[in-house]
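# Structural features, examined
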Amino acid sequence: MNINERVIVGMGVTGLSCARYFRSLGETFSIADSRENPPGLDDFVKEFPEQTPMTGPFHDKQFCEASELVVSPGVSLKTPAVKAAIDAGVFITGDIDIFSRAASAPVVAVTGSNGKSTVVSLLGEMARHAGLHVAVGGNLDGKGARPALDLLSDKGCDLYVLELSSFQLETTHKLGAKAVAVLNISEDHMDRYDDMDAYAGAKHRIFNSCEVAIINRQEPSSYLPAKHEAVVVSIGLDSPGQDQWGLRDIDGEAYLARGEQKLLRRSEVKMPGKHNVVNALTALALGEAVGLPLEKMLETLKSFAGLPHRCEWVAQIEGVQYFNDSKGTNVGASITAIESVSELISGKIVLIAGGLDKDSDFSVMAPVLEKHVSAAVLIGQDAETLATAFRRTVPVVLAQSMSEAVLRSSELAQAGDAVLLSPACASFDMFKGYADRGEAFCNAVEDLS
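The notes below deal with the structure included here. Keep in mind the model is a prediction, meaning the values are calculated, not measured.

### A few points about the sheet that holds strand S19 (residues 396-398)
The sheet built from 6 strands is open, its strands ordered S15-S16-S20-S17-S18-S19 with mixed pairing. For this open sheet the edge positions go to strand S15 (312-317) and S19, each flanked by a neighbour on one side alone. When strand polarity is set aside, the average angle formed by the axes of neighbouring strands in this sheet is 20 degrees.

### Considering the pattern of salt bridges
Evaluated as defined, the whole model comprises 24 salt bridges. In this structure, the salt-bridge partner of Glu 47 is Arg 23, at a minimum N-O distance of 3.9 Å. A residue pair is termed long-range when its members are at least 10 positions apart, and Glu 47 in helix H2 (residues 41-47) and Arg 23 in helix H1 (residues 13-24) qualify at 24 residues. For Glu 47, a relative accessible area of 26% translates into the label partly exposed. We classify Arg 23 as partly exposed; its relative accessible area is 40%. Residue Asp 194 pairs with Lys 78 through a salt bridge whose shortest N-O separation is 2.7 Å. With Asp 194 in the loop between strand S9 (179-182) and helix H9 (196-203) and Lys 78 in the loop between strand S4 (68-71) and helix H4 (80-87), this pair connects stretches of sequence that are 116 residues apart. The class for Lys 78 is partly exposed, based on a relative accessible area of 48%.

### Remarks on the sheet that holds strand S3 (residues 54-55)
With respect to topology, 5 strands assemble into an open sheet ordered S3-S2-S1-S4-S5, the strand pairing being parallel. Whereas interior strands pair on both sides, the edge strands pair on one side only; in this sheet they are S3 and strand S5 (91-93). Where strand S1 (residues 6-9) meets strand S2 (residues 30-33), 3 bridges bridge the pair, whose relative direction is parallel. Note that in S2 the partner of Ile 8 across the bridge is Ile 31. This element, H1, spans S1, S2 and S4 of the sheet and lies at about 155 degrees to S1.

### Here's the deal with helix H11 (residues 294-303)
What H11 keeps buried is the set Met 297, Leu 298, Thr 300 and Leu 301. One side of H11 holds all its buried residues, which, seen down the axis, span an arc of 155 degrees. Residues of H11 that are buried in the fold lie against helix H6 (116-129), strand S13 (253-258), strand S14 (261-265) and helix H10 (274-289).

### Regarding the pairing of strand S20 (residues 418-421)
On any regular strand, side chains alternate: one points to one face of the sheet, the next to the other face. Neither face of S20 is exposed, since Ala 418 and Leu 420 on one face and Val 419 and Leu 421 on the opposite face are all buried. The pairing of strand S16 (residues 320-324) with S20 spans 4 bridges and is parallel. In the sheet register, Gln 321 faces S20, and the bridge partner there is Ala 418. In terms of strand pairing, strand S17 (residues 349-354) meets S20 through 4 bridges, oriented parallel.

### Observations concerning the pairing of S4
Side chains of S4 alternate between two faces, with Glu 68 and Val 70 and Leu 69 and Val 71 buried alike. Alignment of S1 against S4, held across 4 bridges, turns out to be parallel. Of the residues in S4, the one forming a bridge with Arg 6 is Glu 68. One ladder, built from 3 bridges, connects S4 with S5; its direction is parallel. Residue Leu 69 lies in a different strand from S5, and its bridge partner there is Ile 92. In the classification by handedness, the crossover that spans S4, the intervening H4 and the parallel S5 is right-handed.

### Focus on the side chain of Asp 188
Along the chain, Asp 188 turns up in the loop between S9 and H9. At 3.0 Å, the side chain of Asp 188 forms a polar contact with the side chain of Asn 330. Aside from chain neighbours lying at most four places away, what touches Asp 188 is Tyr 199, Thr 329, Asn 330 and Lys 358.

### Focus: unusual backbone geometry
You will see that His 309, though not glycine, has its phi angle at about 70 degrees, which is positive. For His 309, the location among the structural elements is in the loop between H11 and S15. The class for His 309 is buried, based on a relative accessible area of 9%. Here Ala 424, not a glycine, exhibits a phi torsion of approximately 60 degrees, which is positive. Position of Ala 424 relative to the elements: it lies in the loop between S20 and helix H16 (434-448).

### Re the packing of H6 against H10
As a packed pair, H6 and H10 sit with axes 9 Å apart at the nearest point and diverge in direction by 50 degrees. As summarised for this structure, H6 and H10 are arranged oblique, according to the angle between their axes. Once H6 is placed against H10, the crossing between them reads as right-handed. In contact with Thr 118, Val 119, Leu 122, Leu 123 and Met 126 of H6, H10 contributes Asn 276, Asn 279, Ala 280, Thr 282, Ala 283, Leu 284, Leu 286 and Gly 287. Residue composition of the contact of H6 with H10, by class: 8 nonpolar, 5 polar and no charged.

Rules and cut-offs
- Residues numbered from 1 in each chain as written.
- Predicted model: local features only at pLDDT ≥ 70, side-chain atom pairs only at ≥ 80, totals over all residues.
- Heavy atoms only, no water.
- Pairing = 2+ DSSP bridges.
- Helix = DSSP H or I, 4+ residues; strand = E, 2+ residues; numbered from the N terminus.
- Axes fitted to C-alpha atoms, helices over the stretch in contact; angles between N-to-C directions.
- Salt bridge = Lys/Arg side-chain N within 4 Å of Asp/Glu carboxyl O.
- Buried < 20%, exposed > 50% of the residue type's maximum accessible area, 1.4 Å probe, protein only.
- Contact = heavy atoms within 4.5 Å.
- Arc of directions from axis to C-beta.
- Right-handed = clockwise from strand over helix to strand, strands pointing away.
- Polar contact = N/O pair within 3.5 Å; in protein donor to acceptor, adjacent residues only side chain to side chain.
- Parallel < 35°, antiparallel > 145°, perpendicular 65-115°, else oblique.
- Left-handed = near helix turned anticlockwise from the far one by under 90°.
- Nonpolar A, V, L, I, M, F, W, Y, C, P; charged D, E, K, R; others polar.

Here it is in structure tokens:
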């Protein structure tokens, strides 16, 4: 690298998007990754044959002499060489920070420990149904997902809808979105943050310079810190006040409502579970903030079935229903999944969990396990960690593979029960990612029949 040159730190999907963006502007950059053979290296070399990427351990000098570090979400700001650059006064930024300065259309942004992909995808469908040219991306994964800076190549875009992680927000100074929502904050990524306050503080950076903030009345973690000024709109599963969103009981039936206005029977929302009612209300409130027509948004709620690997119904075999919640990679997500599936069955749940622990406290799952779960089948590198916490509440079985876990679960479940994959852990010990894990579960269920 040359002295005083911009350096992209991290060669994943985000790093590649930054490189494409700088090249489109004719700006110079270098790129570095601490791994000798990082994922994406071949793609980078193919796209940027004129560049020689810096791979292998970071060195303080290479970062301290940069004019700017563009830090990818997977790289902690506590990384010694990054920290040395910060201490030396080097400007630190990230892809969302750069995106926010270049976006030419209104931006809606969503963060939270759980549910953000569903809200972002639902809002995108609402905007398309209303006839807008909408670009959806950010931290969103799955088929067709795009990093934020790649969205800027869409010409004539009417609206940007971004899913943002706490890692992305760490390097975001002033997002300035039209409307934002923090859905919830539950324990996650404690291997990266000192405590929950630090994790929440990163999430709350989404509020910086926003115009409208959507909060959940039942989730104090979603509230704006006192220093922020924005129009606040609340959602919740209780009766809403004027200009707020919630549920109203009308003649014994639950309706989505805006203030006194009855909108849609809860039963007409195609996505199952009360957590998805919260997601639907959040999308409605965000959509209203950017002027989407209410009629089109409600029509979308009647047809949007949700996303794969998120409490996805897979099959019913001999009276037992099988659900794939492989995206449940933290304790809060798994608790929500267990509660949601329990609403759909008459019996109990056999839970398949385990994988790569992120320094989570699994003991907080005890109440929901005791109430809804008959047994837990545990897999993965940290299965014993979960077993230690779970054995006090439910019978535990250890399995060596997904196929064995599904087979053992089918033997434990009875007609009226459900088998739920909701791991409460990351997947990278056994799988390429949560989607690969979910597909392995679905294939194993198919093998049962």
